[in-house]
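Here is how the chains run, residue by residue.
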Amino acid sequence: MNEEDLPSLRLSSRYRRMLTAQNTDKEVKDYVKERFRSAMQLMRNIAQRKSTILRTCEVIVRRQRDFLDRGVEALRPMMIKEVAEEIGVHPSTVSRAVANKYAHTPRASSSFASSSLKAQTAPKAPIPLLVLKRKVRKLIEEENVRHPLTTTSWPQCYRRRAFN
């Protein structure tokens, strides 16, 4: 995780001293103690969030090793629910963890949240949307302009009814 531009969080030693000092007013001490607890909880929450993001990244990298090694054609669909079960959190936690996050890989920057569609020819193996778009683009680029493709001449897995 790139944390270069993030400030480090720490609690002021002044407030710590106020909690232990004999001459600190009880009201002030109670207020500082409550704020201190609140700050500690915030710091724990941030650490937990970092941990969740890191564990999510590890699962994605492990499951998408072929994509990282060979490129987008090897991209495999993943269910948020599966990742959540593997790291022991609720699916909404994984969803929030990957939202607007990118991984900088040797190939390119990749979004963690990739969509997928199920093709009728392989109902148990959804096709990632990115892969599907590239395949359709390739078909269009390679089509004969004198004899353009029609919906009936496209391969079965690309026809509209294949996604119903």
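Residues numbered from 1 in each chain as written. Predicted model: local features only at pLDDT ≥ 70, side-chain atom pairs only at ≥ 80, totals over all residues. Heavy atoms only, no water.

Peer 1: How would you summarise the overall build of the protein chain if you had to cite specific residues and measurements?
Peer 2: When its secondary structure is counted, the protein chain shows six helices and four strands. Taking all 164 residues of the protein chain together, the buried fraction comes to 23%. For the protein chain, the share of sequence-separated contacts (at least 6 apart) that also reach a separation of at least 24 residues comes to 48%. Within the structure as shown, the protein chain displays about 12600 Å² of accessible surface, and the carbon and sulfur contribution to it stands at 52%. (Helix = DSSP H or I, 4+ residues; strand = E, 2+ residues; numbered from the N terminus. Buried < 20%, exposed > 50% of the residue type's maximum accessible area, 1.4 Å probe, protein only. Contact = heavy atoms within 4.5 Å. Areas by Shrake-Rupley, 256 points an atom, 1.4 Å probe, with all protein chains shown as cover.)

Peer 1: Got a sec to walk through the pattern of salt bridges? Specific residues and values, please.
Peer 2: Per the counting criterion, the structure on display carries seven salt bridges. For Lys 26, the salt bridge is made with Asp 30, and the minimal N-O distance between the two is 2.9 Å. Placement of the pair is Lys 26 and Asp 30 together in helix H2 (residues 26-63), with a separation of four residues, close to one helical turn. Looking at Lys 26, the relative accessible area reads 58%, which means it is exposed. For Glu 86, the salt bridge identified is with Arg 63, shortest N-O distance 3.0 Å. Pair noted here: Glu 86 is in helix H4 (residues 80-87) and Arg 63 is in helix H2, with a separation of 23 residues, a long-range link. According to the relative accessible area criterion, Arg 63 is partly exposed, its value standing at 23%. Residues joined in a network through salt bridges with shared partners are Arg 62, Arg 63, Glu 82 and Glu 86. (Salt bridge = Lys/Arg side-chain N within 4 Å of Asp/Glu carboxyl O.)

Peer 1: Requested: an account of the confidence of the model for the protein chain, with residues and values cited.
Peer 2: Residues at a pLDDT of 70 or more form 76% of the protein chain, whose mean pLDDT is 77. At the level of individual helices and strands, the protein chain shows its lowest average pLDDT in strand S3 (residues 116-119), which scores 35, and its highest in H2, which scores 91. Counting contacts from residues 114-123, a segment whose pLDDT is below 50, to residues more than four positions away or on other chains yields 25 contacts. Low pLDDT (under 50) marks residues 160-164, which in the prediction has 13 contacts with non-local residues, meaning those over four places away or in another chain. (pLDDT = per-residue confidence, 0-100.)

Peer 1: Describe in detail the nonpolar core, supporting the description with residues and values.
Peer 2: By size, the foremost hydrophobic cluster in this structure holds eight residues: Val 59, Ile 60, Val 83, Ala 84, Ile 87, Val 89, Val 94 and Val 98. Only H2, H4 and helix H5 (91-98) provide two or more residues apiece to this core. With three residues, H4 is the single largest residue contributor to this core. In this structure Val 94 touches Thr 56, Ile 80, Val 83, Ala 84, Ile 87 and Val 89, once residues within four positions along its chain are discounted. (Core = buried A, V, L, I, M, F, W, Y, C linked by side-chain atoms within 4.5 Å.)

Peer 1: Could you give me a rundown of the environment of Glu 73, with the residues and numbers involved?
Peer 2: Tracing the sequence through the fold places Glu 73 in the loop between helix H3 (65-70) and H4. The spacing of Glu 73 and Leu 132 is 59 residues in sequence and 9.3 Å in space, taken between C-alpha atoms. Residues within four places of Glu 73 in sequence aside, it is in contact with Val 131, Arg 134 and Lys 135.

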